[in-house]
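Single-letter residue listing:
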Amino acid sequence: MKTMTHLLAATALAASALPALAETWDMPLAYPATNFHSETAASFAACVGEATGGEVEIKTHPNGSLFPGADIKRAVQTGQALIGERLLSAHANENALFGYDSIPFLATSFDDSVKLNKAALPELEKLLESQNLHYLYSVPWPPQGLYTKKEVSSVADLEGTKFRAYNAATARLAELAKMQPVQIEAAELSQALATGVAESFVSSGSTGYDEKVWEHLTNFYQVDAWLPRNTIFVNLDAWNGLTDAQRAAITGCAESAEAEGLAKSKELTQFYLDGLKEGGMSVAPPGDELKAGLQDIGATMTEEWLSNAGDDGKSIVDSFKSN
Ligand code: PCA
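Below is a summary of the structure that appears in this document.

Procedures and definitions
Residues numbered from 1 in each chain as written. Predicted model: local features only at pLDDT ≥ 70, side-chain atom pairs only at ≥ 80, totals over all residues. Heavy atoms only, no water. Helix = DSSP H or I, 4+ residues; strand = E, 2+ residues; numbered from the N terminus. Rg over C-alpha atoms; globule rule 2.2 N^0.38 Å. Buried < 20%, exposed > 50% of the residue type's maximum accessible area, 1.4 Å probe, protein only. Contact = heavy atoms within 4.5 Å. Areas by Shrake-Rupley, 256 points an atom, 1.4 Å probe, with all protein chains shown as cover. Near = heavy atom within 4 Å. Polar contact = N/O pair within 3.5 Å; in protein donor to acceptor, adjacent residues only side chain to side chain. Nonpolar A, V, L, I, M, F, W, Y, C, P; charged D, E, K, R; others polar. Disulfide = S-S within 2.5 Å. Expected span 1.5 Å × (residues − 1). Bend = angle between axes of the 7 residues up to and from the residue. Axes fitted to C-alpha atoms, helices over the stretch in contact; angles between N-to-C directions. Left-handed = near helix turned anticlockwise from the far one by under 90°. Pairing = 2+ DSSP bridges. Right-handed = clockwise from strand over helix to strand, strands pointing away.

**Section: the overall build of the protein**
Helix and strand content of the protein: 10 helices and 11 strands. Since a compact globule built from 323 residues should have a radius of gyration of about 20 Å, the 21 Å found for the protein is in line with a globular shape. Dimensions of the protein along its principal axes, counting C-alpha atoms only, are 80 × 45 × 35 Å. Classification of the 323 residues of the protein by burial places 52% in the buried group. Here the contacts in the protein between residues at least 6 apart in sequence split such that 77% fall between residues at least 24 apart. In the form shown here, the protein has an accessible surface area of approximately 14200 Å², with 52% of it arising from carbon and sulfur atoms.

Put into structure tokens, the structure is as follows:
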């Protein structure tokens, strides 16, 4: 008991001598450690450690090792983890606004992705705050294309295909193309392809490259449908518990990470496509018929999103288009 008292006294003394208690925050990530998003998160974490003089240390846990992708948002909301990265469009069933970055053919270039993110940010920050989350930064994936295991020249050729979806938009696209959607995290993708649970999907060259999908698939069509984002957010209570100086340091690191992630995504787009080719895949734009069919589906999905997202959604799209 005596030792315990001494220990407590010593701890209290040490704590009062420091400007703030050093904290370590676990940061779950859904994608592999070698993925550019995970690398960006690692340099963000290093920046935070340095900029706060070690008062806030962040430890990244890639590849769904701490929480699978689908659970990361909830984990950070409830404080099981204090910071995390998530493909927020996967939560569009909860609130359509989360799907602002997956509206087909609305923002199909990096520049437009940045513009759309700016237009959506005020609403997105509010929505996240209402869920006990503070927005830090977000980074787009390269443009989304279609992976198949045979040549396809029209949407009709896709009918009946087992399709891996990663969010509500990809699932809806599958339904409209009469495919069979199944929700699968990237960490489980190669296994799903190997076992035939999935035989097609929409994603970037990045995920196809990470998961070596040339072992199972033959074609990548450069549809450039949209550029979804991974968003990094922090538990709002933890954020409010920081000092102004710590918050400013973390915000600065978030800005640098956003710029670094965007630059990497741009630079690596062609590298990933070359990697798919080296793996033996055909990488090509879709033919006219396939393109037109996907654009029809995109028009339906855009209407549906606008009606689900209401006035807030409409003002995001209007503000994006007018800038
Ligand atoms: N890769 C992620 C989401 C978008 C992307 O390009 C995935 O397939 O899970």
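**Side note on the site of the ligand**
The immediate surroundings of the ligand are formed by Tyr-31, Leu-87, Trp-141, Gln-144, Arg-164, Tyr-166, Ala-186, Ser-203, Ser-204, Thr-207 and Pro-228. A distance of 2.8 Å separates an oxygen atom of the ligand from a polar side-chain atom of Arg-164. At 2.6 Å, a side-chain N or O of Ser-204 approaches an oxygen atom of the ligand. Out of a free accessible area of 260 Å², the ligand has 100% covered by protein chains. For the shell around the ligand, the per-class residue count stands at six nonpolar, four polar and one charged.

**Quick look at the side chain of His-91**
Following the sequence through the fold, His-91 ends up in the loop between strand 3 (83-86) and helix 4 (110-130). By relative accessible area, which is 12% here, His-91 ends up buried. In this structure the side chain of His-91 is engaged in a polar contact, spanning 3.1 Å, whose partner is the side chain of Arg-86. Residue contacts for His-91: discarding those within four places in its chain leaves Ala-70, Lys-73, Arg-86 and Phe-98.

**Quick look at the state of the cysteines**
In total, this model carries one disulfide according to the counting rule given. Each sulfur of the disulfide joining Cys-47 and Cys-253 lies 2.1 Å from the other. Across the S-S bond linking Cys-47 and Cys-253, the dihedral sits near -80°, which makes this disulfide left-handed. Of this pair, Cys-47 sits in helix 2 (residues 36-51) while Cys-253 sits in helix 9 (residues 244-278), and the two are 206 residues apart along the sequence.

**A word on the environment of Gly-287**
Within the secondary structure, Gly-287 is located in the loop between strand 11 (282-284) and helix 10 (288-321). Considering only alpha carbons, one finds Gly-287 and Tyr-221, 66 residues apart in sequence, at a separation of 8.8 Å.

**With respect to helix 4**
Its 21 residues give helix 4 an end-to-end C-alpha distance of 29 Å, which sits within 8% of 30 Å, the value for a rise of 1.5 Å per residue. In the structure, helix 4 departs most strongly from a straight axis at Leu-121, where the bend amounts to approximately 50° and where the proline Pro-122 lies between one and four residues downstream. Burial in helix 4 covers these residues: Phe-110, Ser-113, Leu-116, Asn-117, Ala-119, Ala-120, Leu-121, Glu-123, Leu-124, Leu-127 and Leu-128. The inward-facing, buried residues of helix 4 contact strand 4 (133-140), strand 10 (229-235), helix 9 and helix 10. Backbone geometry just after helix 4 places Asn-132 at a positive phi near 65°.

**Regarding the packing of helix 4 against helix 10**
Following both chains from N to C, one finds helix 4 and helix 10 inclined at 140°, their axes separated by 9 Å at the closest point. You can see that helix 4 and helix 10 cross each other, and the crossing is right-handed. Here Asp-112, Lys-115, Leu-116, Ala-119, Ala-120 and Glu-123 of helix 4 lie close against helix 10, whose contacting residues are Asp-312, Ile-316, Ser-319 and Phe-320. When grouped by side-chain class, the residues that make up the contact of helix 4 with helix 10 number five nonpolar, one polar and four charged.

**A few points about the pairing of strand 6 (residues 162-165)**
Consecutive side chains of a regular strand alternate in pointing toward one face of the sheet and then the other. Direction of pairing for strand 6 relative to strand 7 (residues 180-183): parallel, over a ladder of four bridges. In the strand pairing of strand 7, Arg-164 is matched with Val-182. Of the crossover connections in this fold, the one passing from strand 6 over helix 5 (residues 168-176) to the parallel strand 7 is right-handed. When strand 6 meets strand 8 (residues 200-203), the two strands line up parallel, connected through two bridges. Its bridge partner being in strand 8, Arg-164 is matched across the sheet by Phe-201.

**What to know about the sheet that holds strand 8**
A sheet is described by the order of its strands in space; here six strands give the open sequence 7-6-8-5-9-11, paired in mixed fashion. Two strands close off the open sheet at either side, each with one partner strand: strand 7 and strand 11. Ignoring strand direction, the axes of neighbouring strands in this sheet form an average angle of 25°. Here three bridges tie strand 9 (residues 219-221) to strand 11, and the two strands are oriented parallel to one another. From the neighbouring strand, Asn-219 faces strand 11, where its bridge partner is Ser-282.

**Considerations on the environment of Phe-36**
Here Phe-36 lies in helix 2. Counting along the chain gives 170 residues from Phe-36 to Ser-206, while the straight-line C-alpha distance between them is 8.6 Å. Look past the residues within four positions of Phe-36 in its chain and what remains in contact with it is Val-139, Pro-140, Trp-141, Pro-142, Ser-206, Gly-261, Lys-264, Ser-265, Leu-268 and Tyr-272.

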